[in-house]
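Each chain, written out:
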Amino acid sequence: MIFRLNPLYRLGAWGAAACMLAICAMVTFQVLLRCLDAVLVLVGASRLGYEISGVSEIASYLLVGATFLSLAYTFTHHAHIRVTLVIARLPAAIRVWCEVACLAIALALSALLSWEVIGLIQESLDYGDVSSGLMAIPLWIPQTVLVVGLALLCLAILEALLTTLRQAMTAPSRYVAPGGDDGVGDNDSFGGE
């Protein structure tokens, strides 16, 4: 399956990678500062006492960003877990319509979740909600990242749905499951594609 908006999904993946790198950099820097303090105490000097305030809070928001921004990319690369134990054994003409139904349900649920998170952002803006940790981060900021990731996922699912629907209408008997495999007799039945 060819995804025409793949550069957009790749941009989301780069955003997810940047979030993960930021987590690694912050945690590494915090550990190095603690190690420096420990060495200074061992040699009889006083501690510097430097630390990054709210590292765990920021890291948790970045982890959520990494998770949601990568959703569309992992979907388009068939990296989400799919249990194809039953559907892989169906004839191609039936399997394609099952795939259309599953994609339609996934799109509906993703769109509903996106809509609800948009409502949550509006509520956070209306009430001026901030995080309850050491740093008062406005909650609309991490919530916006959720919406961006979910919107990318909705686009990817919509693209897959339209392509699969076109296949179902034109040549259902030639349908090949996502990933190019039928999934019968291999580990895809229990894991992902």
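Residues numbered from 1 in each chain as written. Predicted model: local features only at pLDDT ≥ 70, side-chain atom pairs only at ≥ 80, totals over all residues. Heavy atoms only, no water.

A.B. asks: Just checking my understanding: could you explain the pattern of salt bridges for this structure?
C.D. replies: It is possible for side chains of opposite charge to pair when their charged atoms get near one another. Taken as a whole and assessed by the stated rule, the structure comprises 1 salt bridge. Put simply, D37 and R47 hold a salt bridge, and the shortest N to O gap is 3.3 Å. With D37 in helix α1 (residues 6-42) and R47 in the loop between α1 and α2 (55-69), the pair connects residues that are 10 residues apart, well separated along the chain. Residue classification places D37 among the buried positions, given a relative accessible area of 6%. (Salt bridge = Lys/Arg side-chain N within 4 Å of Asp/Glu carboxyl O. Helix = DSSP H or I, 4+ residues; strand = E, 2+ residues; numbered from the N terminus. Buried < 20%, exposed > 50% of the residue type's maximum accessible area, 1.4 Å probe, protein only.)

A.B. asks: Any chance you could explain the nonpolar core here in plain terms?
C.D. replies: Soluble globular proteins: nonpolar side chains tend toward being buried together. Grouped together as the largest cluster of nonpolar side chains are 24 residues, with contacts concentrated most on Y9, F75, L103, V117 and I157. For this core, the secondary structure elements donating two or more residues are α3 (71-76), α4 (92-127) and α5 (140-170). Examining the composition of this core, we find that 11 residues originate from one element, α5, more than from any other. Contacts of I157, omitting those with residues within four sequence positions, involve F75, L103, A106, L107 and S110. With 10 residues, the next largest nonpolar core counts A16, I23, A59 and L69 among its residues. (Core = buried A, V, L, I, M, F, W, Y, C linked by side-chain atoms within 4.5 Å. Contact = heavy atoms within 4.5 Å.)

A.B. asks: Help me understand the packing of aromatic side chains, please; the structure alone is not making it clear to me.
C.D. replies: Here the structure, examined in full by the defined rule, presents 2 aromatic pairs. Aromatic side chains F3 and Y9 sit 6.4 Å apart centroid to centroid with 80° between the ring planes, which places their arrangement in the edge-to-face category. By relative accessible area, F3 is classed as buried at 9%. Pairing F3 with F75 gives two aromatic rings, centres 6.4 Å apart and planes at 70°, and the pair type is edge-to-face. You can see F3 sitting in the segment before α1 and its partner F75 sitting in helix α3, a full 72 residues away along the chain. An aromatic cluster of three or more residues is present, and its members are F3, Y9 and F75. (Phe/Tyr/Trp six-rings, centres within 6.5 Å; stacked < 30°, edge-to-face > 60°.)

A.B. asks: Would you mind going over the UniProt feature "transmembrane region" (unreviewed entry) in the protein with me for this structure?
C.D. replies: Taking the UniProt record as the reference, the feature "transmembrane region" (unreviewed entry) is found at residues 12-33, 58-75, 96-121 and 141-165. Between the C-alpha atoms that bound residues 58-75 there is a distance of 26 Å. The span itself is 94% helix and 0% strand. Overall, residues 96-121 shows 100% helix and 0% strand. The separation of its end C-alpha atoms is 37 Å. (UniProt positions renumbered as here; feature names shortened; annotations may be inferred.)

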